[in-house]
Amino acid sequence: MITAGIDVGLEAIKIVIVKDGEVAGKAQGLSGGAGREQAVGRLWDEALKEAGIGASDVQKVAATGAGKYDVAFADKTVTEPIAGARAARYYLPGATSVVDAGASQTRVVTLREGGEIEEVALNQKCGAGLGSQLRYLARRLEMTLDEISALPPDAAAGFTVNDGCVVFIELDSLELLNEGAAPTQVAGAVNDAIAVRLNMILNDKITPAKDTTVLIGGVAKNAAVVNALKARSGIGFVIPADAEYGCALGCALLAGS
Amino acid sequence: MTKQLWETRPLEIWQRAKELRAQWEHSIEEKDKLVGQGQTYAGDWSACFPAIRVIEDNPVGAKMASDSDEFSRICRLAMESRGWGREICGYHLNCWGAQFLGHQRDGSGFPYRDFVVPFPDVCDQHAKRGQQPMDLSPIPRWQGDYPMYIGPRDAAREEALVDHRVYCLQKELNDIERVFDQKFDDGRYARLIRERSIQHGYMSEVLFLMANVPTPISVKDLYSFYTMGGLTKLAPEVVTDFFRALRDEIKWRADNQIAAVGNERYRWMEVHPPAWHYLRYYRYMEQYGAVCIGSPYTHAGGGAQVEQKPDGTWGSRETVEYPEDTPMLTREDVTRIALTPDARAPYHFKIDEYLRPQSLIEFARFYKCDGALLPIWRGGVGCDMWRKEQARRLKEAGVSVMHYEGSQPGDRTDLDEHGFLDRLDIWMESQGLEKLV
């Protein structure tokens, strides 16, 4: 059976095509803002090409993400924690939790033995701790996400920024820059602040996360944030190589059910 | 489309409720022609003065936000420009803003108060209620007080609290008579309190019947009857008849398993007032077969308070109740009977935040709730630093919890409606439910 999952996120669209339980093709690109529907179409063609199939070969399509209703050809929609939970069990059959750190939302899901969802914790409304904050601050600091990701754990060198509000984080960052801190030091402080915020959501549940916790979402690609989160939470996350495709994969796996 | 689980049908009492509501609004217009406007709470007594009309900021402010976001924003701005913070209760930012503007949404003049009787509450702005009208003009103020206690019955403490409250109310009544030269009708007050007690009994039965599976009435429908008690001030016997009829219909529905929501398969609760301008989320949840049973906020006002007894069973919370034939010969007799039952009211939304989690768990268990939707309001009623603690305790008790964020019940500013519904989708799907329609 061939199924597809499309995750239409705030920043990026991710598509995964699954054939007989294995990933056959994938594609990702910017979400396209108002042209989201067209962006989905372009990436859909790309994913089909990589899988070497035509659209009619795909039996079921499921969509998730903030723009899931923009996928006109989807047979069903699922919410992100459901997709993330399914993906976690694909990556790690014994997974007990999954953290999905995306651009617009962070979701922590704990799983029962059979894979059913036990509890979902979401970030609060503020953008602090989210991927969108990381991208925003990267622009402000004139650094690329790759450069920020490559920073060492002690990059902050003792500098700190607010962790509760993106606006205040920006103000703190500017103040540090004005005081002579290097952009890399400020970026290190921003990474730490994101880790603080993510860890708060991890702690907002009853069942503690363990080393059987899968980390997915675009923020999982930022090694510096992940290292800061590991240090703060004490959890050795399982991070798949294609972590940003997590929800799209989960969606594809759920599409046929 | 899933097969319907329970029989359902509209409430037959709707038409009668609408008629009563129209009658109530007409009576307010009539009373507006008279002089004297107070601002108070728990003001059953106000109807016993010939020319005093009570204006309560909470319902007025909620209605303002619901009717016009534009005008309520203008009102709040008028408040903010005078230094009042955004964390002040939204109901009051709306009302007080209109007061500073000097007019209401329809252009009519703001009904300035002739006196105020604020009383303290957990969101604290209640005590400040009297300040705004007094800033404009030197009107009289009587400070209501609302002491209560929690925990096991304590007769000595109860007596002291009731004595204090009786003293406060009697002083208010005596002073208002003197200052405004209006005669308080003690006979009418006694009659009103008797009727109120009977009405509370009926409403309490309705609320307890919501423990039935399926629930015969949802909180969305219940809210439509929520303010009917205000009619007591005008025609107490009529309202008693109404609540008797409501009780009879709800009891019949419970006995015959007539559901409020035909596909009820998930029962959820709340803790504080909802976003009044956005009540559609109740109906949205019903698409999942999820019905809201209410909250300590909705149920305590009707007298449906439960507690776990020492032997582990559940039952009505013990309060002081006087025998029905207790003489009400003096004003003090009546005020004492009116104020005593609330003295031990740990279930109420005014309770101490340390103990609220336990009352939520009691509510969830008694009403067989699977989940709880807890708001994280930025100010006003429901702005609660203990919300996460409540969530933790509920989750430990096996009740799934979802939060949503907003400014406050009477303020639309920060409620992301789409984000709110997305969260409800996430919550329901995480509970293994899909939309049925």
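Computed from a prediction, not measured in an experiment: that's the story for all the values here.

**Re the overall build of chain A**
Part 1: When you go through chain A residue by residue, the secondary structure sums to eight helices and nine strands.
Part 2: Here the C-alpha atoms of chain A give a radius of gyration of 18 Å, agreeing with the 18 Å that 2.2 N^0.38 yields for 257 residues.
Part 3: Across its three principal directions, the C-alpha atoms of chain A cover 60 × 40 × 30 Å.
Part 4: Buried positions account for 54% of the 257 residues belonging to chain A.
Part 5: Look at the contacts in chain A between residues 6 or more apart in sequence, and 65% of them connect residues 24 or more apart.
Part 6: If you sum the accessible surface of chain A, you get close to 10,600 Å²; carbon and sulfur atoms cover 51% of it.
Part 7: Placing the 23 positive and 31 negative side-chain charges of chain A at their respective mean positions leaves the two points 4 Å apart.

**Brief notes about the interface of chain B and chain A**
Part 1: At the interface, 17 residues of chain B touch 19 residues of chain A.
Part 2: Across the interface of chain B and chain A, roughly 1,500 Å² is buried in total on both sides, 51% from carbon and sulfur atoms.
Part 3: If you look at where chain B meets chain A, you find two salt bridges.
Part 4: When the shortest N-O distance is used, the salt bridge between A:Glu119 and B:Lys395 registers 2.9 Å.
Part 5: On inspection of chain B and its partner chain A, the count reaches five residue pairs in polar contact (both at pLDDT 80 or more).

**Details of the pattern of salt bridges**
Should their charged atoms come close, side chains of opposite charge can pair.
Residues and elements named next belong to chain B.
Part 1: Throughout the structure, instances matching the rule amount to 36 salt bridges over all chains.
Part 2: Between Arg-378 and Glu-405 there is a salt bridge, with its nearest N and O atoms 3.6 Å apart. Remark: Glu-405 occurs in strand β10 (residues 400-406) and Arg-378 occurs in the loop between β9 (371-377) and α15 (387-396); sequence separation between them is 27 residues.
Part 3: Bridged by salt links that share partners, the residues Glu-177, Lys-183, Asp-186 and Arg-331 form one connected network.

Cut-off values and rules
Residues numbered from 1 in each chain as written. Chains lettered and ligands numbered in written order. Predicted model: local features only at pLDDT ≥ 70, side-chain atom pairs only at ≥ 80, totals over all residues. Heavy atoms only, no water. Helix = DSSP H or I, 4+ residues; strand = E, 2+ residues; numbered from the N terminus. Rg over C-alpha atoms; globule rule 2.2 N^0.38 Å. Buried < 20%, exposed > 50% of the residue type's maximum accessible area, 1.4 Å probe, protein only. Contact = heavy atoms within 4.5 Å. Areas by Shrake-Rupley, 256 points an atom, 1.4 Å probe, with all protein chains shown as cover. Lys, Arg positive; Asp, Glu negative; His and termini not counted. Charge placed at Lys NZ, Arg CZ, Asp CG, Glu CD. Buried area = accessible area lost by both parts, 1.4 Å probe. Salt bridge = Lys/Arg side-chain N within 4 Å of Asp/Glu carboxyl O. Polar contact = N/O pair within 3.5 Å; in protein donor to acceptor, adjacent residues only side chain to side chain.

No statement about biological role is implied by the geometric values presented.
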